[in-house]
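# Observations on chain architecture
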There are 2 protein chains.
Amino acid sequence: MKKCEIHWRERPYHKQSSEAFCVNQIPIGAIMPCASIVSAPSYAFPFRSSSAATSSISPTAISLTKRTSNPRIEATSFRKCVVRATVSIEKETPEAERPETFLRGVDEAHSSSSVRARFEKMIREAQDTVCTALEAADGGAHFKEDVWSRPGGGGGISRVLQDGAVWEKAGVNVSVVYGVMPPDAYRAAKGAPTDQKPGPVPFFAAGISSVLHPKNPFAPTLHFNYRYFETDAPKDAPGAPRQWWFGGGTDLTPAYIFEEDVKHFHSVQKRACDKFEPTFYPRFKKWCDDYFYIKHRGERRGLGGIFFDDLNDYDQEMLLSFATECANSVIPAYIPIIEKRKDLPFTEQQKAWQQLRRGRYVEFNLVYDRGTTFGLKTGGRIESILVSLPLTARWEYDHKPEEGSEEWKLLDACINPKEWI
Amino acid sequence: MKKCEIHWRERPYHKQSSEAFCVNQIPIGAIMPCASIVSAPSYAFPFRSSSAATSSISPTAISLTKRTSNPRIEATSFRKCVVRATVSIEKETPEAERPETFLRGVDEAHSSSSVRARFEKMIREAQDTVCTALEAADGGAHFKEDVWSRPGGGGGISRVLQDGAVWEKAGVNVSVVYGVMPPDAYRAAKGAPTDQKPGPVPFFAAGISSVLHPKNPFAPTLHFNYRYFETDAPKDAPGAPRQWWFGGGTDLTPAYIFEEDVKHFHSVQKRACDKFEPTFYPRFKKWCDDYFYIKHRGERRGLGGIFFDDLNDYDQEMLLSFATECANSVIPAYIPIIEKRKDLPFTEQQKAWQQLRRGRYVEFNLVYDRGTTFGLKTGGRIESILVSLPLTARWEYDHKPEEGSEEWKLLDACINPKEWI
């Protein structure tokens, strides 16, 4: 495996207030002991600028060092994350044009062989491909694009399609952010002995994140998110290893089960996994079922797919290829289902059931999703974070589908995850 | 002031599992260092039985000892609450008929002069009065009633009206629960020295809780909740004081401002307060504005009203009368507004704006409301907890009302709370 070089540019970090780190830093006091905070939908991650008063710090939704293989975060462990909820803000700058790269400086941008450069290229191409395919399938609506940059480092491209012919709301965002963590934060994260004197710790994080909510109750919602992280050892603590990892997943949330659709979707995920490692699909399928669990309902929000996090125990090149394969599998996994279902006639009752399931989506994202909840708590750009919420949702008191009905079958599959292939 | 006697029936508490307390206990490990967890909407509180598999432990949403005057709970302090998120369940028993009282045993039930007995009587009368008035104003729909009891002590009456002519969803619940806290929990709560050996700590909690969501976008949503708590010192720690306190409030959440409506609503609240103490209205009005704050939006969810918690620094009889006055003020504060607005014609855009504001209601309740979030985390009966959510809600990407528009005026008043009278 070819090792890429990392060119960190050492710069002093500054505090915006005694309780706040930001600019090109992660507010580490707030997140360090917590595992992989940017899992899943994570519109927290592709934050961007706002002309409104709302402040933004979504790249905080990143955990850099402490990691866990347990995807389900419990309240008891989440509380550990919020050591300091007050983080402050670096204003993003709206940009008129997309830059060729968000990477910093000429050297790095031109080092096209680096994993970070190739990951950025991959997610930007994926964003283009997905948006083009969605617009084609929608047949009318277009994505609205917002480009932004951060003085501290990096930027992103947010695209939202709203009230289309097929999708009521579809967001496809990429972001590339980097900077340095304060040494205290690094120490807290590492639990290092006090005689160590780490300097600022550089980090890099890039990702693509998307949620697609169709109108037709027979057409499923899709979420996908792929991301790559790097962090480095403190400058004056030589020997501490540089770290990198990949995370992500793609999952399907229908209101009605068409078994052929779910099989197709899972088959495409499995095929992508199997190209790399036979254990991936069963492992990441289960991880997905575990992660998207609405604990207070005892239900998953949908019918799963794949989900993984903190993945670094394979060859880095292999994992980059794997993430690329996964991102490239989104359209072949999803669009054939949409084409089949987008124009099916439906009743008011079927629409209401879809809306109830959308309510569950809201519950998951607001109550459990780590990226979302962390983004909300730390003052992320709210419109970017909550673009994952559906246009409309519904809550009926004590609604129980009749046993054996189509609605009941969906609920049953959310309560008792199935092997689809 | 006449002191009422408390007849605690000492009984051994039992653990349902090593990680779980319940039955007639509060899962104190989970909540103790946290302030007044049952503030506000708190459908967690009037939990009840379910024939579904869902378990229930909503009376856990009660904090008994540690209290604060700061109504806004931050993530950093909330995490302290969730010391142990796993609590288990005492199944409620559905009852065919409402009992005359939920108080335990003949002696206590007949001690009609006790504050707990009079508080129960008050909230049950308030429930009847409010439901009758709502049904009359709705002109067609009726409340569905569920009565439940708990073997460990107490019970409740849940009433929900759904899809009426005026209200799309209206819930009015009462509950009366009691039992004992495990000594460990009491110790944790009190931060007492280890040489103390407290026994089980008895508690009592009763409340009425209601959220009313009308259909017409010009008719406002109303929430009110009044509650009374008692706790006692451990049996073998004589001298530790018995404690009691009152909490509650009534607040208005319109989508459009009719200044005369908001003035009327606040005037009724002020009148109720002024009968008892001139500082109440300004203090509780501000407390309300502070509590119903959607931090990630920088907005209140509505136009406020009154909110108070942990109130025990006045004569107990006076506070019982005050809570009664507040509960009795709900109908005169709210129904005249409904009568004026329920049949106003409206546009699709106005309905959509109401739905966006309903989305904010969902955000507040799922992300910030202490009763709701705690109920979700501890396995409360979900349908009772989430009956506070609207039937339908909406999220548009980056929606910004035009400056000076009626929608903008509402938003402005949610961002910058006003003095209405």
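These numbers were taken from a predicted model, which means no experiment stands behind them. (Residues numbered from 1 in each chain as written. Chains lettered and ligands numbered in written order. Predicted model: local features only at pLDDT ≥ 70, side-chain atom pairs only at ≥ 80, totals over all residues. Heavy atoms only, no water.)

With that settled, the discussion passes to the overall build of chain A. Looking only at helices and strands, chain A features 13 helices and 13 strands. Carbon and sulfur atoms provide 51% of the accessible area of chain A, an area that totals close to 14,700 Å². (Helix = DSSP H or I, 4+ residues; strand = E, 2+ residues; numbered from the N terminus. Areas by Shrake-Rupley, 256 points an atom, 1.4 Å probe, with all protein chains shown as cover.)

What follows deals with the nonpolar core. Ranked by size, the top nonpolar core spans 156 residues in total, and within it W167(A), F246(A), W167(B) and F246(B) carry the most contacts. If sequence neighbours within four positions are ignored, F246(B) has contacts with V115(B), F119(B), R227(B), Y228(B), F308(B), D309(B), D310(B), L311(B), Q316(B), L319(B), L320(B) and A323(B). (Core = buried A, V, L, I, M, F, W, Y, C linked by side-chain atoms within 4.5 Å. Buried < 20%, exposed > 50% of the residue type's maximum accessible area, 1.4 Å probe, protein only. Contact = heavy atoms within 4.5 Å.)

Let's shift gears to the pattern of salt bridges. Pairing is possible between side chains that carry opposite charge, provided their charged atoms lie close to one another. Residues and elements named next belong to chain A. Scanning the entire structure with this criterion turns up 64 salt bridges over all chains. Between R227 and D309 there is a salt bridge, with the nearest N and O atoms lying 3.5 Å from each other. With R227 in strand β8 (residues 221-231) and D309 in strand β12 (residues 305-311), the pair connects residues that are 82 residues apart, well separated along the chain. In this structure D309 comes out as buried when scored by relative accessible area, which is 4%. (Salt bridge = Lys/Arg side-chain N within 4 Å of Asp/Glu carboxyl O.)

Let us now look at the confidence of the model for chain A. All names here are of chain A. Overall, the predicted model of chain A reaches an average pLDDT of 76, with 69% of residues at or above 70. Here residues 1-89 scores under 50 on pLDDT; set against residues more than four positions off or in separate chains, the count is 317 contacts. Here residues 188-192 scores under 50 on pLDDT; set against residues more than four positions off or in separate chains, the count is 5 contacts. Both scores are given for the predicted complex: the pTM is 0.78, the ipTM 0.77. (pLDDT = per-residue confidence, 0-100.)

Moving on: the packing of aromatic side chains. All names here are of chain A. The full count for this structure, using the stated rule, is 52 aromatic pairs over all chains. Centre to centre, the rings of Y226 and F308 are 6.1 Å apart; their planes meet at 40°, and the pair counts as tilted. Here F308 lies in strand β12 and Y226 lies in strand β8, a separation of 82 residues in the sequence. Take Y226: its relative accessible area is 0%, and that puts it in the buried class. Given a relative accessible area of 1%, F308 falls into the buried group. In this arrangement the basic side chain of R341 is found over the ring face of F258, its NZ or CZ atom lying 3.8 Å from the centre. (Phe/Tyr/Trp six-rings, centres within 6.5 Å; stacked < 30°, edge-to-face > 60°. Lys NZ or Arg CZ within 6 Å of the ring centre and 35° of its normal.)

Residue and element names in this part refer to chain B. As a packed pair, helix α6 (residues 259-274) and helix α9 (residues 330-341) sit with axes 8 Å apart at the nearest point and diverge in direction by 165°. By the angle between their directions, the pair α6 and α9 is classed as roughly antiparallel. Viewed along their axes, α6 and α9 form a crossing whose handedness is right-handed. Packed against α6, whose contacting residues are E260, D261, H264, F265, V268 and Q269, the element α9 presents P332, A333, P336, I337, K340 and R341 at the interface. (Axes fitted to C-alpha atoms, helices over the stretch in contact; angles between N-to-C directions. Parallel < 35°, antiparallel > 145°, perpendicular 65-115°, else oblique. Left-handed = near helix turned anticlockwise from the far one by under 90°.)

Residues and elements named next belong to chain B. The contact between helix α4 (residues 115-138) and helix α8 (residues 316-328) brings their axes to 10 Å, and the two run at 5°. Here α4 is positioned roughly parallel relative to α8, judged by the angle of their axes. Residues V115, R118, F119, M122 and A126 of α4 form the contact with α8, whose own contacting residues are Q316, E317, L320, A323, T324 and A327.

Bringing the environment of T129(B) into the picture now. Mapping T129(B) onto the fold places it in helix α4. In this structure, the C-alpha to C-alpha distance between T129(B) and V330(B), residues 201 residues apart in sequence, is 9.8 Å.

The next subject is the pairing of strand β9 (residues 243-253) of chain A. All names here are of chain A. With 11 of 11 residues buried, β9 lies mostly within the body of the structure. Residues Q243, W245, G247, G249, D251 and T253 of β9 are buried on one face, and the alternating residues W244, F246, G248, T250 and L252, pointing to the opposite face, are buried as well. Pairing of β9 with β12, which is carried by 5 bridges, proceeds in the antiparallel orientation. Paired with G249 across the two strands is F307, which belongs to β12. (Pairing = 2+ DSSP bridges.)

As judged from the 11 bridges shared by strand β8 (residues 221-231) of chain B and strand β9 (residues 243-253) of chain B, these two strands associate in the antiparallel manner. What sits directly across from Y228(B), in β9(B), is F246(B).

All names here are of chain A. Tallied over the full model, the rule gives 0 disulfides over all chains. For the unlinked cysteine C131, the closest cysteine sulfur is that of C326, found at 19 Å. Of all cysteine sulfurs in the structure, the one in C288 sits closest to C414, which takes part in no disulfide; the separation is 12 Å. The exposure class assigned to C414 is buried, which follows from its relative accessible area of 0%. (Disulfide = S-S within 2.5 Å.)

When you line up the elements, G156(A) lands in strand β5 (residues 154-162). A relative accessible area of 0% places G156(A) in the buried class.

What follows deals with the environment of G164(A). All names here are of chain A. Assignment of secondary structure puts G164 in the loop between β5 and β6 (167-181). Look at G164 and you get buried, because its relative accessible area is 5%. C-alpha of G164 to C-alpha of E92: the two residues are 72 residues apart in sequence and 28 Å apart in space. G164 has contacts with D138, A141 and K215, leaving out every residue within four places of it along the chain.

All right, on to unusual backbone geometry then. Residue and element names in this part refer to chain B. For D163, which is not a glycine, the phi torsion comes out positive at approximately 55°. With respect to the helices and strands, D163 occurs in the loop between β5 (154-162) and β6 (167-181). One non-glycine residue, D398, adopts positive backbone phi at about 55°. Residue placement: D398 occurs in the loop between β13 (392-394) and α13 (406-415).

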